[in-house]
Amino acid sequence: MNQNDKGVFNALAGDRSEKADLLHGVFRKLGVNFASGVPCGVLRHIIKNFEDDAAMLHVIANRESEAVGLAVGAYFGGKTPVIYMQNSGLFSASNDIASLLVPYRMPIFFVVSYRGCEGEDAVQHLTTGQATERLLESFGLPFKVFENQNLENLTRSLFETMRKAGLPTFLLLKRGWHR
Amino acid sequence: MNRQEAIEVIMTTIGAQDAVVSTTGLISREIFEKFDSERNIYVPGSMGLASSIGLGLAMAQPTKRVVVIDGDASLLMNLGSAVTIGNKQPTNLLHIVLDNGAYASCSEERSMSNTAKLDVLAGEVGYQYVRTADSQNGLKRAIMEFGQGPGFILTKIELGGRRDFRRPLELAAIKSRFMLFFTRQTQGDQL
């Protein structure tokens, strides 16, 4: 690892999240062993946990669609993948979800950061923010927004729904979720 | 060489246990009609993702060979995937691009592959085995000589050919039989 790489990881030094660690542990217990996605600051602790876990195959993708493709391949190869992205990217990848994951009945779990909610300071997130839940509803796909419920129970229950339905399923995390 | 001839060469030259991931449109539909098999995954929508799916599969099962049959326009639609493949270095992945310089499954509108040196690009981003082929013999040889990947074979084909293929529709069943095929292979390897 060169000095620049160290600098990147130092940005997270001392910035751990008990909730992110708990979520990672739940993923491990549920058999997750592959992760792919596009980074978002809201998900940084989750991504670092994927990266630091030697038992996890982790591929950071160039685009959200690519992450969907990688996870589909991993699933075909017997892995249990998780995909992560920002909700802006969910719109980029929406056709891949609709035309690949749904007709192939792929139970793949998504962790999606939910920008454009109350208190949002960036205008580029407002349109996708107000459309995010409606997008998933219109696709008929299961999702839950984390609002400080018991995170382990919420995640386990979403996995159960996902495996029964055979459909991609989504956990939405708002800014500050990790505290 | 046309699409039909290229597909025939690929499907009769690769190993019987190799997985096949084919791109959207006529390439998948021709393979489905003529060479349907439990080892095949078709990418009916999500144009561009065949190489990403192939990489995920190759990483998940590093002892199995994965053959991606892509098109020039679908490669260009997800060109970042070539960089990811070069970065991850899956030795078991062979990426074959059928290049007719067009969106042939639509109405043969021109793509931009004619001004891009896609084979040079593949070598520069980290593919270890790069070949070009413009004849059936050349393509057959390029496949047979493939050893350690990631491999890339840029295959020039003529535009045109049959279009009235049926579509793969029972995708959940195609998924189940593929995963059974792969599991059985894995068990066999352990004996």
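Residues numbered from 1 in each chain as written. Chains lettered and ligands numbered in written order. Predicted model: local features only at pLDDT ≥ 70, side-chain atom pairs only at ≥ 80, totals over all residues.

**Focus on the interface of chain A and chain B**
Across the boundary between the two partners, chain A contributes 26 residues, which contact 27 residues of chain B. Contributions of two or more residues to the side of chain A that touches chain B are made by β2 (57-60), α4 (64-76) and α6 (94-101) of chain A. The leading source of residues in the side of chain A that touches chain B is α4 of chain A, at 10 residues. (Contact = placed C-beta atoms within 7 Å. Helix = DSSP H or I, 4+ residues; strand = E, 2+ residues; numbered from the N terminus.)

**Points about the sheet that holds strand β7 (residues 129-133) of chain B**
The strands making up a sheet associate through backbone hydrogen bonding, with each pair oriented either parallel or antiparallel. Residues and elements named next belong to chain B. Strand order in this open sheet of six strands is β2-β1-β3-β4-β8-β7, and the pairing throughout is parallel. Whereas interior strands pair on both sides, the edge strands pair on one side only; in this sheet they are β2 (40-42) and β7. Neighbouring strand axes in the sheet, compared pairwise and without regard to direction, differ in orientation by 15 degrees on average. Relative to strand β4 (residues 93-99), strand β3 (residues 66-71) runs parallel, the two sharing six bridges. Directly across from Ile 69, in β4, lies its bridge partner Ile 96. (Pairing = 2+ DSSP bridges. Axes fitted to C-alpha atoms, helices over the stretch in contact; angles between N-to-C directions.)

**What about the packing of helix α1 (residues 3-13) of chain B against helix α7 (residues 136-144) of chain B?**
Residue and element names in this part refer to chain B. Viewed as axis vectors pointing N to C, α1 and α7 meet at an angle of 30 degrees, and their least axial separation amounts to 10 Å. Considering their axes alone, α1 and α7 lie roughly parallel with respect to each other. The way α1 lies across α7 gives a crossing that is right-handed. Note on element contacts: α7 touches α1 through Gln 136, Leu 139, Lys 140, Ile 143 and Met 144, opposite Glu 5, Ala 6, Val 9, Ile 10 and Thr 13. Of the residues in the contact of α1 with α7, the class split is six nonpolar, two polar and two charged. (Parallel < 35°, antiparallel > 145°, perpendicular 65-115°, else oblique. Left-handed = near helix turned anticlockwise from the far one by under 90°. Nonpolar A, V, L, I, M, F, W, Y, C, P; charged D, E, K, R; others polar.)

**Some thoughts on the pairing of β4 of chain B**
Residues and elements named next belong to chain B. Of all seven residues in β4, seven are buried; the element is thus mostly enclosed. Covered by surrounding structure in β4 are Leu 93, His 95, Val 97 and Asp 99 together with Leu 94, Ile 96 and Leu 98, the residues of both alternating faces. As paired elements, β4 and strand β8 (residues 151-156) share six bridges and run parallel to each other. Opposite Asp 99, over in β8, you have Lys 156 as the bridge partner. (Buried ≥ 20, exposed ≤ 12 C-beta atoms within 10 Å, placed from the backbone.)

**Some details on the pairing of β8 of chain B**
Taken across its six residues, β8 of chain B has five buried, putting it largely inside the fold. Crossover handedness for the path β7 of chain B to α7 of chain B to β8 of chain B: right-handed. (Right-handed = clockwise from strand over helix to strand, strands pointing away.)

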